Amino acid sequence: MNNVEQLYNEILTFMPEERVSRDEATLFSYSTDLSSPPGVTVLPAMVVLPTTVEEVRGLLMAANRLKVPVVPMGRGANIAGLAVPHKGEVVVDLRLMNKIIEVNTDAAYAVVEPGVTHHQLSSEARKHGFINHLPTATGGGSTIANYFMHPSGNLSAKWDPDPILSLEVVTPNGDIVRTGSAAFGTAGWRARYSPFPDLTGLFACSYGTLGIITKAAVKLFQKNEEERLVLTKFDSFPPALEYMKRIIRGNMADSVTFWNWVWNMFHELMYSKTIKLPQDMMKEDQKTPPPGIPFGIASARLNSYKEVVDVQEKVCIRLAEELGGSYMSKEEIQALHPGSWEYLHSYFIEGIHPKPGEESTMRKAMWLPGFLINAEPAGILALEKFMWEFAHKEARPPYMFRVLPYSHAREFFFAFVILITGSLEEEREYMLHLKSVYSKLYHELLAKYGAVMFRFRQDPTFLPLTGPYGDLLRSIKNVIDPNNIMHPGVNLF
Amino acid sequence: MSNGIKLDRRLYIFSTRCVRCAGCTYGYRDTGFEVVCPIHKKHLFFTYSLGGMLQISRALYEKRAGISESVGDVVYSCTGCGACGEMCAEVDFPDIVQLQHELRARCVEAGQIPYVLMATVEGLKKEDNMLQQPKADQGKWAEGLDVKDVTKEKAEVYYHAGCRYSYDKELWPAARSAVNILKKAGVDVGIAGKNETCCGGRAYEMGFQGEFTKYAENNIEMLKTAGIKTVVTSCSDGYYTFKVLYDMTGKKGDIEVLHITEYLDRLMKEGRLKFTKNTPLTVTYHDPCHLGRKVEPWLREKGNIQEGEVYQPPRNILNSIPGLKFVEMRRIKQNAWCCGAGGGVYDTDPDFALWTAMERIEEAKSTGAEALITACPWCKRVFTDAIRENNIDLKVTDIIELVDKAL
């Protein structure tokens, strides 16, 4: 009997057969995501659906003893293969651990399991008069899994992009560790920091390589009496960046994001009910918008008492005007990009993700290779210039970017996306080319602009650049997971 | 890349765009994001969802997998209710339920078909119906009704009973009521009596596309010969077949197809149907998948219908019956929970079908309704069986019987 067979039999001693599968069709259904190249077969050894932390503990201890690798999966929604199994890994699908355990309206947090989706949590929080960080990921995604990747969304600026307070994690040796105030047992889940080093952060961006997170306390924020989206338009990127800096330094908005004109057309697709891309999106000169279309739009989410929001809105408009921008009314954006208004309003004000199908419609044109980095404002400005040259050389229209600052104005998130208008199989070579370009690009951006890869793209060459930091992480990894059973195929370590 | 299983290429492209969010398994904000996919709720794995089947389709198309018993089991587990398409598919692939039909057709080619469905289809080939009943018994449901036979004389409207109404004696009163109501309203209606054959729709949904073609051609030929301009049916599967599948395969022509609830709604609006009796009853209504979300994508794509339009006629009828109190369930219209009888699942996995029906029955009970009204014989069959098996205090009534009593 091999180790996988033995693990299967052991799991069946504490989990029912209907939640453990080695069925061929099941393995195939878990073997691919949006990032998987066509024709590649990497099947997991089995798929397991735990419902309790005790079951997670049991299967991790058995897997560790038998040295069978595992890959945890919140809900599986990912476009970068981070929850896709590598050869022989056991998929621990956490979708049935989907309880909102507590909504604490006094201390403003919710304790949730990893199978809870953004759709679930945002609707539940609003029932209690609260909102939560709502990333621009799909509404069916796992809130915890997404939060642990530093999401960008409706509260990225004012409240900070790190919505996790404390967590519960099961490590391969079977320890159930709670972090933050929850470590004390009687202190509740309310606080990230204690007198000791912060271990919550250790598990952020660890992609299942250190343990399986089974609960997390996430921040909730009061839904104030007035929520408003202030849109301003700019003819170029530098003043828009300065506008965002001033907004965030003045602590004016929950979030502020700059969307260039192609991105606004991209939003529009969602509600357009057409399968055709607008011709304007395909034009050769992507740097110059069509006549009458602003180069880009900054969206600032305001949320406070009505009188405060009225003043904040005036200040936002004044700041934009001082920088050469101008206010954009709802009527104006609805005339120019009606779908964009619907999309932004849904996310930022209604606090609800569009239907997955609507998002799927938006993706109709493409496969989405892109890069996400963060850098200082000056680096971002230089990067914009570089990006146009890079895109002109490497990309076919349409391509686009968006930028948003995080809780402090030194850290800006820059997302550049290339839409590919053909199918996966037709565009395979182009995609592979872009991927190879990106692997060099990240190193170049780091060297030239101090820009850091924001999402791990399974590139093992990046961590060694961090020197002792990477060495320390490896040491920690060795202590927590000496047999390297936690998602080894993702190539983080 | 070559096409491993002759899957529609559009479906393959769609499968490569799935982000595995499983949004296909639950309803949108109107339902509080409650699960609406029966197979996902029952079988738990992502596999049992539209997203899961899309990933399997990718593997099949890319020749990474073949059609095996395991694949067949997943493909045939689904009731084909189409709830997945309400959340996921939009413009890219509005008729996403076609994925299941395509996969099943490939399973049939590969011989990976549940044995029980083989028997059903053999019965169809021999007896022209899906219930494996003798062909000679067709038309008995209408004995004693003074109604035209469209194979012998001209009529404006053809009433198609369908296999379930024709052979399920317990459901005969509803079919007979339909004809009586139409006659009372002065409609020049006829039936095909003993010459009626299966529409072929359920065979299509089970993957037997050859049988579907045969029955589609038979039915259309019969209608053309009889000079029929309008088809009315009480069977929601039949409605879907005549209205959508015949159209998708280019056979429908300009024949008007209406579900009986649509036609009665029209008659009400024309003043040809008036309720005279008080019906003091609290009821709730179950939306059959084939009357709503399964027909919507095709009709919307053709520009013939606005989303939701097909849901309204039965509600108009219920709201017009004097004394009747109509209450809605949580999951309605495009977000309705399936009855469990679709896609041949009541044949292949009756326990699952009854489990699915029970969830809907409990939802209906929670509204305080005394009766669960439906407009589909397959829904009525499975609800009735589940209620009997579980000894539930709830009536299941065909909307036509309710109308007949209230006239």
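Rules of the game
- Residues numbered from 1 in each chain as written.
- Chains lettered and ligands numbered in written order.
- Predicted model: local features only at pLDDT ≥ 70, side-chain atom pairs only at ≥ 80, totals over all residues.
- Axes fitted to C-alpha atoms, helices over the stretch in contact; angles between N-to-C directions.
- Helix = DSSP H or I, 4+ residues; strand = E, 2+ residues; numbered from the N terminus.
- Parallel < 35°, antiparallel > 145°, perpendicular 65-115°, else oblique.
- Left-handed = near helix turned anticlockwise from the far one by under 90°.
- Contact = placed C-beta atoms within 7 Å.
- Nonpolar A, V, L, I, M, F, W, Y, C, P; charged D, E, K, R; others polar.
- Expected span 1.5 Å × (residues − 1).
- Buried ≥ 20, exposed ≤ 12 C-beta atoms within 10 Å, placed from the backbone.
- Arc of directions from axis to C-beta.
- Pairing = 2+ DSSP bridges.
- Domains from an automatic or database assignment.
- pLDDT = per-residue confidence, 0-100.
- Core = buried A, V, L, I, M, F, W, Y, C linked by C-beta atoms within 7 Å.

Undergrad: Help me understand the packing of helix α9 (residues 172-184) of chain B against helix α19 (residues 399-406) of chain B in this model?
TA: Helix-helix packing is characterised by the crossing angle of the two axes and by the distance between the axes. Residues and elements named next belong to chain B. Running from amino to carboxyl end, α9 crosses α19 at an angle of 50°, the nearest separation of the two axes being 8 Å. Relative to α19, α9 is oriented oblique. When you trace α9 past α19, the crossing you get is left-handed. Of α19, the residues touching α9 (which contributes P173, A174, S177, A178, N180 and I181) are I400, E401, V403 and D404. For the contact of α9 with α19, the per-class residue count stands at six nonpolar, two polar and two charged.

Undergrad: Would you take a moment to explain helix α7 (residues 237-249) of chain A for this structure?
TA: Owing to its 3.6 residues per turn, the α-helix brings residues three or four apart onto one side. All names here are of chain A. In a regular helix each residue adds 1.5 Å, so 13 residues correspond to 18 Å; α7 covers 18 Å between its end C-alpha atoms and thus fits that length. The complete set of buried residues in α7 reads F237, A240, L241, Y243, M244, I247 and I248. Axial view of α7: buried residues confined to an arc of 155°, hence all on one face. Contacts from the buried residues of α7 go to β11 (226-234), β12 (255-260), β13 (296-304), α9 (306-322), α13 (377-394) and β16 (399-405). At the C-terminal side of α7, N251 shows a positive phi close to 55°.

Undergrad: Can you walk me through the sheet that holds strand β9 (residues 395-398) of chain B in this structure?
TA: Backbone hydrogen bonds are what pair the strands of a sheet, in a parallel or an antiparallel way. All names here are of chain B. Spatially, four strands are ordered β7-β6-β8-β9 in an open sheet, and the strand pairing comes out parallel. Both edges of this open sheet fall to β7 (324-326) and β9, since each of them pairs with a single strand only. In this sheet, adjacent strand axes meet at a mean angle of 35° when their direction is disregarded. Packed onto the sheet, helix α18 (residues 377-390) meets β6 (281-286), β8 (371-374) and β9 and runs at close to 165° relative to β9.

Undergrad: Hey, could you run me through the pairing of strand β4 (residues 90-93) of chain A in this one?
TA: Remark: a regular strand shows side chains that alternate across the two faces of the sheet. Residue and element names in this part refer to chain A. Of the two faces of β4, both are covered, the one formed by V90 and V92 as well as the one formed by V91 and D93. Across three bridges, the pairing between strand β2 (residues 46-48) and β4 is parallel. By the bridge assignment, V47 is partnered in β4 with V91.

Undergrad: I tried to follow the domain arrangement of chain B on my own but got confused; where do I start?
TA: Note on interface size: it is often stated as the accessible area lost on association of the parts. Residue and element names in this part refer to chain B. Here the domain parsing of chain B yields domain 1 (9-113) and domain 2 (116-406). Here the C-alpha centre of domain 2 lies 25 Å away from the C-alpha centre of domain 1. Taken together, the 26 residues of domain 1 in the interface contact 30 residues of domain 2. Where the side of domain 1 that touches domain 2 is concerned, the elements lending two or more residues are α2 (38-43), α5 (83-87) and α6 (98-110). The residue makeup of the side of domain 1 that touches domain 2, split by class, is twelve nonpolar, eight polar and six charged.

Undergrad: Help me understand the domain arrangement of chain A in this model?
TA: All names here are of chain A. Each assigned domain of chain A is listed here: domain 1 (3-95), domain 2 (100-222) and domain 3 (226-453). Taken together, the contact between domain 1 and domain 2 spans 15 residues of the former and 20 residues of the latter. For the side of domain 1 that touches domain 2, the secondary structure elements donating two or more residues are α3 (53-66) and β3 (70-73). Here the element with the most residues in the side of domain 1 that touches domain 2 is α3; it accounts for six residues. Considered class by class, the residues forming the side of domain 1 that touches domain 2 number ten nonpolar, two polar and three charged.

Undergrad: I'm lost on the sheet that holds β4(A) in this one. Help?
TA: Residue and element names in this part refer to chain A. Here we have four strands laid out as an open sheet, ordered β1-β2-β4-β3, and mixed in their pairing. Two strands in the sheet have a free side with no partner beyond their single neighbour: β1 (20-21) and β3. Taken together, the four bridges between β3 and β4 define a ladder with parallel strand orientation. In the sheet register, M73 faces β4, and the bridge partner there is D93.

Undergrad: Explain the confidence of the model for chain B here, please?
TA: Low pLDDT means the predicted coordinates in that region are not meant to be read closely. Summary statistics for chain B give a mean pLDDT of 92 and a share of 96% for residues scoring 70 or more. Two numbers describe this predicted complex: its pTM, 0.94, and its ipTM, 0.93.

Undergrad: Can you walk me through the interface of chain B and chain A in this structure?
TA: Of the residues lining the interface, 35 residues belong to chain B; the matching set on chain A comes to 46 residues. Put simply, the parts of the chain that give the side of chain B that touches chain A at least two residues each are α1 (9-16), α3 (50-61) and α4 (69-75) of chain B. Looking at the side of chain B that touches chain A, the element that brings in the most residues is α3(B), giving five residues. A per-class count over the side of chain B that touches chain A returns 19 nonpolar, eight polar and eight charged.

Undergrad: Help me out: how do you make sense of the nonpolar core in this one?
TA: Inside soluble globular proteins, nonpolar side chains tend to come together where they are buried. Formed by 205 residues in total, the largest nonpolar core has its most connected members in V48(A), V92(A), Y159(B), V382(B) and F383(B). Broken down by element, the residue count for this core peaks at seven residues, all from α3(B). Ignoring any residue separated from it by four or fewer positions in sequence, one finds F383(B) in contact with C339(B), A357(B), I361(B), L372(B), T374(B) and V396(B). Listed in part, the 66 residues of the second largest apolar core include V262(A), L302(A), C316(A) and L404(A).

Undergrad: Help me out: how do you make sense of α6(B) in this one?
TA: Residue and element names in this part refer to chain B. Taking 1.5 Å per residue as the helical rise, α6 with its 13 residues ought to reach 18 Å, and the 18 Å between its terminal C-alpha atoms agrees with that figure. Here α6 has its buried residues at L99, Q100, H101, L103, R104, A105, R106, C107 and V108. Of the surrounding secondary structure, the elements contacted by the buried residues of α6 are α1, α3, α4, α10 (201-205) and α11 (209-226). Just past α6, the residue G111 takes up positive phi, approximately 75°.

Undergrad: Before we go on, may I ask you to explain unusual backbone geometry in this structure?
TA: Apart from glycine, the bulk of residues carry a negative phi angle, and the bulk of peptide bonds sit in the trans form. Cis rather than trans, the peptide bond between P397(A) and P398(A) has omega equal to 0°. Mapped onto the fold, P398(A) is located in the loop between α13 and β16. Even without glycine at this site, H487(A) takes up a positive phi of about 45°. Looking at the secondary structure, you find H487(A) in the segment after α15 (468-480). Phi is positive for A22(B), close to 65°, though the residue is something other than glycine. If you trace the backbone, A22(B) turns up in the loop between α1 and α2.

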